[in-house]
2 protein chains.
Amino acid sequence: MDKYNVGFIGLGTMGRPMASNIVKAGHNLVVHSRTRAKADSLLAQGAVWADSPAEVAHRSEVIITMLPDSPDVLQVATGENSILQGAKRGSVFVDMSTISPEVARKLAVECNRAGVEFLDAPVTGGEIGAIKGTLSIMVGGPIKTLEKVRPVLECVGNQITHMGDHGAGQTAKICNQIICGLNILACCEGLALAASAGLDLNTLLRAIQNGAAGSWMLSNLAPKMLEADWAPGFRIALQAKDLRLALETAEREKVPLVGTAVAHQLFKVAEAMGCGDKGTQVLFKIIRSLGCA
Amino acid sequence: MDKYNVGFIGLGTMGRPMASNIVKAGHNLVVHSRTRAKADSLLAQGAVWADSPAEVAHRSEVIITMLPDSPDVLQVATGENSILQGAKRGSVFVDMSTISPEVARKLAVECNRAGVEFLDAPVTGGEIGAIKGTLSIMVGGPIKTLEKVRPVLECVGNQITHMGDHGAGQTAKICNQIICGLNILACCEGLALAASAGLDLNTLLRAIQNGAAGSWMLSNLAPKMLEADWAPGFRIALQAKDLRLALETAEREKVPLVGTAVAHQLFKVAEAMGCGDKGTQVLFKIIRSLGCA
């Protein structure tokens with residue numbers, strides 16, 4: 001196997017296990033994060049700390065970012081001491097965050113000016129997928145760039161799909177998040193009515209989960225809703241952010257997304273009620289509380 | 001096996017294959033339908049025609065109805081020449097239609113007065129489940145009544161769940177339909193944005209359908225959306241009706257169902273645009289057309 005010099009910036013719930021899988025696979029890893037303590041376990045695995053994104057980029061052939069939102073990626077990629085200030089010509093910058101497709105296209109242009117290749121490559125599969133290395137990766141950008149970094153991406157995901165030009169990876173991820181968001185709302189509203197009407201929710205789940213109402217969300221989040229287990233998983237604030245990106249993209253594409261707009265507002269209600277850092281399944285509790293039941 | 005005298009009223013997309021499975025299992029079957037021609041294949045299988053619901057009931061120990069909506073069931077059960085005018089004391093009336101839980105409870109009272117036992121026992125699993133005899137049946141009413149008719153129900157379904165008292169079967173079905181309706185909308189909005197943004201929809205489906213966005217609807221209806229196959233399946237008009245029932249029930253239970261209300265209106269848009277008899281997947285076409293894309 002070729003050994004790559006990989007840089008990784010953003011060591012949160014998703015980033016840290018992804019980075020860990022890259023170092024486990026035998027690549028050289030340089031890491032940076034706003035909070036240095038988040039790198040401790042990786043440094044123990046053999047990763048090396050760098051004091052800035054620029055320094056990470058300077059030491060790497062492949063630079064990966066896994067950050068919360070578009071402004072974070074723009075700052076780390078193009079701000080002070082940024083990736084593009086340190087990156088060598090011919091290196092590849094892979095942004096695996098979920099951000100705006102438009103920002104991804106803008107980053108591709110900036111990278112091109114600096115002689116750096118760019119891919120947008122957001123993932124689905126959650127923390128479990130990140131830990132197991134079984135993420136699904138949706139890639140936007142030139143296929144030849146994807147082929148260059150494929151051995152590194154294969155450390156973190158087991159399904160790598162080339163979706164099209166720059167931005168197409170982010171657009172695919174956004175469509176995924178629309179479906180996820182509405183499927184969560186579906187579970188919440190179905191179970192909220194059942195609860196208020198006095199049905200036994202576990203009995204109901206058993207009766208319906210293998211039929212036409214079945215979904216990953218019903219199988220994985222509904223049991224947590226019934227146990228009042230609000231630990232993330234995937235956080236309310238991020239789901240709200242992803243639906244905001246969906247609506248911004250829909251605005252640009254002139255597509256009316258009535259259901260998505262409503263789901264977005266309800267996730268924002270959950271955030272406003274102080275549940276931004278809880279798992280998305282807490283929307284069930286919020287909808288129940290709207291009914292004062 | 002005990003041979004039952006079973007009556008079956010309502011021989012539509014669901015009712016006919018369900019009745020067929022009952023006669024195939026060796027029970028005596030008496031049938032009635034508004035359109036006599038719909039009984040032809042059953043009569044060829046050995047079923048016997050009756051000219052009215054009263055006559056069906058008079059000849060049966062177990063009377064099953066499978067009709068579109070609450071008024072149809074009320075008419076057939078309590079109107080002129082109705083089930084309750086013909087039914088013998090001690091017979092069991094099982095309504096397998098999807099109707100209002102409140103109407104189900106009212107029917108239970110009327111049946112009790114007439115010395116007839118009642119169950120609400122709506123199903124999920126669609127036309128395929130009806131043909132294969134693999135429906136999931138959600139039952140409301142006394143367990144001892146369910147046990148009496150279980151051998152007949154086992155001819156049409158392979159999962160029979162006792163949900164609670166009269167009406168609880170219908171309430172469970174309504175919760176199921178809330179989840180189904182929002183999961184359909186999820187697929188439509190996710191794919192509509194993807195289509196407008198120029199993604200290859202088949203590639204997208206492969207990338208996301210085994211992840212957190214996965215659902216029965218995404219696996220079964222999204223491929224039909226991509227092929228512009230609008231054949232039912234489950235009809236738009238019935239999905240709209242079921243969400244109307246959901247909202248009526250939510251009104252009674254004082255549960256605000258914001259997403260369900262929006263999904264209901266969008267299915268009504270599809271109905272208003274002349275797609276009431278198309279499969280629910282046609283909502284994709286409607287949402288695409290709203291964007292004029």
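Please refer to the structure placed before this passage.
Residues numbered from 1 in each chain as written. Chains lettered and ligands numbered in written order. Predicted model: local features only at pLDDT ≥ 70, side-chain atom pairs only at ≥ 80, totals over all residues. Heavy atoms only, no water.

(A) Local environment of the pattern of salt bridges. On inspection of all chains with the given rule, the structure shows 19 salt bridges over all chains. With its nearest N and O atoms 2.5 Å apart, the salt bridge here joins Asp277(A) to Arg235(A). Of this pair, Asp277(A) sits in the loop between helix H14 (258-275) and helix H15 (283-290) while Arg235(A) sits in the loop between helix H12 (222-226) and helix H13 (236-253), and the two are 42 residues apart along the sequence. One salt bridge connects Lys241(B) with Asp242(B), and the closest N-O pair in it is separated by 3.0 Å. In this structure Lys241(B) comes out as buried when scored by relative accessible area, which is 9%. Salt bridges linked by common partners bring Asp69(A), Arg244(A) and Glu248(A) together as one network. (Salt bridge = Lys/Arg side-chain N within 4 Å of Asp/Glu carboxyl O. Helix = DSSP H or I, 4+ residues; strand = E, 2+ residues; numbered from the N terminus. Buried < 20%, exposed > 50% of the residue type's maximum accessible area, 1.4 Å probe, protein only.)

(B) How the structure looks around the interface of chain B and chain A. Between chain B and chain A, the contact holds 58 residues from the first and 58 residues from the second. Buried area between chain B and chain A, summed over both chains or domains, comes out near 4600 Å², and the portion from carbon and sulfur atoms is 72%. The tally of links between chain B and chain A comes to 0 salt bridges. Scanning the region where chain B abuts chain A turns up 14 residue pairs in polar contact (both at pLDDT 80 or more). Examining the composition of the side of chain B that touches chain A, we find that 20 residues originate from one element, helix H9 (residues 168-196) of chain B, more than from any other. Here the side of chain B that touches chain A is composed, by residue class, of 36 nonpolar, 17 polar and 5 charged. (Contact = heavy atoms within 4.5 Å. Buried area = accessible area lost by both parts, 1.4 Å probe. Polar contact = N/O pair within 3.5 Å; in protein donor to acceptor, adjacent residues only side chain to side chain. Nonpolar A, V, L, I, M, F, W, Y, C, P; charged D, E, K, R; others polar.)

(C) The nonpolar core, seen in detail. Core analysis: the biggest nonpolar cluster contains 104 residues, and Leu204(A), Leu283(A), Leu204(B) and Leu283(B) have the highest contact counts within it. When residues no more than four places from it in sequence are discounted, the contact partners of Leu283(A) are Ile184(A), Leu185(A), Cys188(A), Ile236(A), Leu266(A), Phe267(A) and Ala270(A). (Core = buried A, V, L, I, M, F, W, Y, C linked by side-chain atoms within 4.5 Å.)

(D) Fine view of helix H1 (residues 15-24) of chain A. Residues and elements named next belong to chain A. Most of H1 is tucked away, with 8 of its 10 residues classed as buried. All buried positions along H1 are accounted for by Gly15, Pro17, Met18, Ala19, Ser20, Asn21, Ile22 and Val23. Remark: Gly26 follows H1 within two positions and exhibits a positive phi of approximately 105°.

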